[in-house]
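# Secondary and tertiary structure notes
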Amino acid sequence: MDYEAVIGLEVHAQLLTESKIFCGCATRFGAPPNTQVCPVCLGMPGTLPVLNRRAVEFALKMALATHCRVAPESVFARKNYFYPDLPKGYQISQYERPLAEHGYLDIQVNGTSRRIGITRIHLEEDAGKLIHSDTRPVSFVDFNRTGVPLIEIVSEPELRTPEEAVAYLQGLRNILLYLGICDGNLEEGSLRCDANISLRPVGETAFGTKVEIKNMNSFRFLRQALEYEIRRQRALLLEGREILQETRLWDAAKGQTFSMRGKEEAHDYRYFPDPDLVPLKVSDAWLEDIRRSLPELPAARTRRFMEEYGLPEYDAGVLTADKALADYFEAVLATFPRPKQVSNWIMAEVLRELKKEEAGIASLKVAPRDLGRLLALVEEGAISGKMAKMVFEDMVTSGRDPETIIRERGLTQISDAGALEAQAREILAAHPKEVADYRAGKTKVLGFFVGQLMKRTKGQANPQLANEIFRKLLAD
Amino acid sequence: MSDELCRLSLTDLSRRLQAGEVSPMEVTEAFLSRIERLDGSLRAYLTVDARGAREQARAAQARLARGEGGPLTGIPLALKDILATRGLRTTCASQMLAAFVPPYDATVVARLREAGAVFLGKVNLDEFAMGSSTETSAFGPTHNPWQRDCTPGGSSGGSAAAVAADLCTASLGSDTGGSIRQPASHCGVVGLKPTYGRVSRFGLIAYASSLDQIGPLTKEVRDAALLLSAIAGHDPKDSTSLRAPVPDYPAALGREIAGLTVGVPREYLGEGVDPEVQEAVRRALATLEGLGARLAEVSLPHTEYAVAAYYLIATAEASSNLARYDGVKYGLRVAGKNLLETYLRTRTQGFGPEVRRRIMLGTYALSAGYYEAYYRKASQVRALIRRDFDAAFATCDVLAGPVAPTPAFRLGEKLADPLTMYLSDIFTIPVNLAGLPAISVPCGFSRAGLPIGLQILGPPLGDEVVLQTAYAFEQATDFHRHKPPL
């Protein structure tokens, strides 16, 4: 029997506000433990939360960017559970009445576009962090992260493959980055993802028993964990065994998921409306202000790249799927305004380089202006395309500008027709047989002559010019 | 002479301080010495801050000398030990917080500090304000100054006893289901629960957040108006505090009540109300009528469900509010061999039986499968109770009735029977559920010599008309002038 996977993601994004969601403490990452705390975020007796307006604005931006319906009135609720990193013994979140619902995100996988529903987006506070001692059976608590604003984005169970799940998460991350409301760092946990996954026979419409997977802190782990889980569940189902409803943890070192807790051990969070906060009201006017403040989003930028720069849909899609890459592209254009050439270069050379290093464009040492200069030098005929690739590789490792590299390595192209013609005459004189072949119709021999010229000039001859010269001399 | 200073109302003492007839230091010493003499048998105070009080008195004196004093400058107050005081331990009458020293002031404390008040110390309460007799205090009960073998009521029993016994000029308490009005009634003093949101809750250690409200316990109605003026108003640190402008409460006191309609809820004077209480309240109503008010019978049909709804909503909120006492960050920690054991030991030893009972009740009311039947149903009942009051206030300016069904009961009498204790709050609880202002003002004595209070209720933000009516009644009677035999 063939099975299909049913996957839904719960994504938590830390918002880049200056201060925490319910107090004035700073949110900077990496500060010494417990230096960004106050009586409110430490949950000290008698203190009360006051909602950060910026956090709401950031959440509303995401809601609008993902086409959600924003609730005119939403309610904060307490999620009750005991843990040392949760100072109040409850997390302030939203439950029955979230900030926004019924949105969607379009994703592209293998050239096919799918619309994935977004169930809801709500605001909540982050918990602290436990630090376990290596030497003693003791744990410490760092409350710096306690109260950092989060949005939780819950998808409909409409993803069908690990690739779609990755594309969806990439799409969300990209929008967060475009909006500038989250730094999208999966490794550091400013963007977190849990997955719900079940299998069902193809054609079946009812859902199978779902398993929740946690602890996937990269796109690769998300894909691997889902692939693993599909294999695991399929094997169980084929043996006629039952899937247990449980929460499982992804172990990246072992490449497997492990049971963390079963359904029976699941928490009863005893949600109820937080009496310390009043309902959050979002007026039409406020929402309109936010809508007007939205930056250009990926879909719109793709359309603009096609219309303004005449790029094919594929190129425009690849470039805008990463805000930093699209920004880089446009920065190169500022120096060298030939969109298709810049796009070609980025799609081929730059992306190959990034893939090799598994890095983002931010870590590329080549400044956009320098890449623009390099392409301009090719255009002017100062260097050949082949040379440009060599220069680019140098730029990637050294970070130097193209002119310096070309000068130091003596890579300038010889475009002086007179100088080249003299050498071409010598080559022809030395190879009478080949000249005869050419004249007998074997015009392919032209490549041989150009090659000889390249050899003599150590590759510095302008290849187009060399071709022309040989063709002219042989025609004489 | 010094005991005479202690007996003065806030209004009178304030006048004398402003006139320079007495000094804040003199007054403070008088109180410290009286507390020393009398509190051993009453046990109203949990902490007497003699040093702090003397410092504040000295500062107040300098301020008055510069002519910069206000009506509260140099006035000695006692604070219910559930209000956070910077640098002064705040226990909630619980082992859990027996050594807890907040690094911040409650907003009300900060405002009174600003006004130049003197804080004599922190007074007793039921543990975490959970109780109606001050008997659940982990540090022992407070005695009723009128009869030592009776409770002062609760949970602000320390506040009421201290005001009644002239161990402070006035006090701040908190009222979640009657915790200001009931002890005020039982101790023969004035107790005002303002409209929910009128006074900031920041720094009031939460019992049930949607019901808790801070208010004054005083010797006279004018004192309550003065104190409310000082503590009322929007606080950016409390999202539930109201932005409505603060009226001049003392200015409302002179207004006549002739022409006001006083509603008398049928449900508040029926079965289960002690005949002596009924009689005192009926006489009080007649007094109001004599002052020109029109009496009108009204009905609050959902009153009988109020106690049940309250004990679901208040305990649900409490179960969550008190989760923070886990032995991890502050307060008591009783270490176990692992995290769970530390939680269990800390919370078992840190909380008394009544607090544990309410945490369990509230946890149950919020649990999966019970939420709809309990918490949600109770919230619906709460809405119906509000509607009852809305209907009554459509035709009435205020409502009046008893505060409690009986005068103060004996120590130990109801402690073993929590349900009976809970039911004694039947007339005060609906007010909290609806967020209304209400006051208890002395209206008589039982044959045994125990005080009885009249409760006057107003519509939301009707704190002025409540004070106005209570003041008119007080001026027409002399119950507030009686002093307990000490």
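Let me begin by describing the structure that accompanies this report.

About the thresholds
- Residues numbered from 1 in each chain as written.
- Chains lettered and ligands numbered in written order.
- Predicted model: local features only at pLDDT ≥ 70, side-chain atom pairs only at ≥ 80, totals over all residues.
- Heavy atoms only, no water.
- Helix = DSSP H or I, 4+ residues; strand = E, 2+ residues; numbered from the N terminus.
- Rg over C-alpha atoms; globule rule 2.2 N^0.38 Å.
- Buried < 20%, exposed > 50% of the residue type's maximum accessible area, 1.4 Å probe, protein only.
- Contact = heavy atoms within 4.5 Å.
- Areas by Shrake-Rupley, 256 points an atom, 1.4 Å probe, with all protein chains shown as cover.
- Lys, Arg positive; Asp, Glu negative; His and termini not counted.
- Charge placed at Lys NZ, Arg CZ, Asp CG, Glu CD.
- 1 Å grid on protein atoms, 1.4 Å probe; cavity = no way out; pocket = protein on both sides within 12 Å on 5 of 7 lines; lining within 4 Å.
- Points joined across faces, edges and corners; volume = space filled by probe spheres on them.
- Nonpolar A, V, L, I, M, F, W, Y, C, P; charged D, E, K, R; others polar.
- Buried area = accessible area lost by both parts, 1.4 Å probe.
- Salt bridge = Lys/Arg side-chain N within 4 Å of Asp/Glu carboxyl O.
- Polar contact = N/O pair within 3.5 Å; in protein donor to acceptor, adjacent residues only side chain to side chain.
- Core = buried A, V, L, I, M, F, W, Y, C linked by side-chain atoms within 4.5 Å.
- Pairing = 2+ DSSP bridges.
- Axes fitted to C-alpha atoms, helices over the stretch in contact; angles between N-to-C directions.

In this section: the overall build of chain B. Helix and strand content of chain B: 17 helices and 11 strands. The C-alpha atoms of chain B give 21 Å as radius of gyration, which agrees with the globular expectation for 486 residues (23 Å, within 12%). Seen through its C-alpha atoms, chain B measures out along the principal axes to roughly 60 × 55 × 45 Å. Across the 486 residues of chain B, 65% fall into the buried class. In chain B, the proportion of contacts linking residues at least 24 apart, taken out of those at least 6 apart, comes to 76%. Approximately 16,100 Å² of chain B is accessible, and the part contributed by carbon and sulfur atoms is 53%. Treating the 50 positive side-chain charges of chain B as one cloud and the 50 negative ones as another, the clouds have centres 5 Å apart.

This brings us to empty space enclosed by the protein. Residue and element names in this part refer to chain A. By the definition in use, this model includes three cavities of 30 Å³ or more. By volume, the largest cavity amounts to about 130 Å³. Forming the boundary of the largest cavity are 18 residues, of which Phe22, Val40, Pro49, Lys88 and Ile92 lie nearest the centre. Classifying every residue of the lining of the largest cavity by side-chain character gives eight nonpolar, four polar and six charged.

Contacts between the two partners involve 32 residues from chain A and, on the opposite side, 38 residues from chain B. Counting each side, the surface lost to burial between chain A and chain B is near 2,800 Å², with a carbon and sulfur contribution of 59%. Per-residue buried area on chain A facing chain B is highest for Pro45(A), Phe82(A) and Arg270(A); these three make up 23% of the total on that side. Where chain A meets chain B, there are two salt bridges. Note that Asp276(A) and Arg201(B) form a salt bridge whose closest N and O atoms lie 3.1 Å from each other. At the junction of chain A and chain B, the tally comes to 17 residue pairs in polar contact (both at pLDDT 80 or more). For the side of chain A that touches chain B, the secondary-structure elements that each account for two or more residues are β4 (76-80) and β15 (272-273) of chain A. Of the residues that constitute the side of chain A that touches chain B, the class distribution is 21 nonpolar, five polar and six charged.

Take unusual backbone geometry next. Going from Gly154(B) to Ser155(B), the amide bond is cis rather than trans, its omega being 10°. Topologically, Ser155(B) is positioned in the loop between β3 (118-123) and α6 (157-164). Located in the positive-phi region is Asn110(A), a residue other than glycine, with phi close to 50°. Checked against the element boundaries, Asn110(A) lands in the loop between β6 (100-109) and β7 (112-125). We note that Phe128(B) has phi near 55°; this positive angle belongs to a residue other than glycine. For Phe128(B), a relative accessible area of 0% corresponds to the buried category.

Let us now look at the nonpolar core. Within the largest apolar cluster, 159 residues are counted, with the highest numbers of intra-cluster contacts made by Tyr45(B), Phe128(B), Phe389(B), Leu454(B) and Leu467(B). Looking at this core, the element that brings in the most residues is helix α11 (residues 306-321) of chain B, giving eight residues. In this structure Leu454(B) touches Val281(B), Ala284(B), Leu288(B), Ala400(B), Gly401(B), Val403(B), Ile439(B), Ser440(B), Val441(B), Cys443(B) and Phe473(B), once residues within four positions along its chain are discounted. Core analysis: the next-biggest nonpolar cluster, separate from the first, contains 110 residues, Ala55(A), Met62(A), Trp250(A) and Ile383(A) among them.

What follows is about the sheet that holds strand β12 (residues 211-214) of chain A. Residues and elements named next belong to chain A. If you trace the nine strands from one edge of the open sheet to the other, you get β2-β6-β7-β10-β1-β11-β12-β13-β14, paired in mixed fashion. The sheet is open, and its two borders are formed by β2 (69-70) and β14 (256-262), each paired with just one other strand. Pairing analysis gives three bridges linking strand β11 (residues 191-201) to β12, with the strands arranged antiparallel. Residue Ile197 lies in a different strand from β12, and its bridge partner there is Val211. The strands that helix α2 (residues 162-179) touches are β1 (3-14), β6, β7, β10 (149-155) and β11; relative to β6, the one it contacts most, it runs at about 115°.

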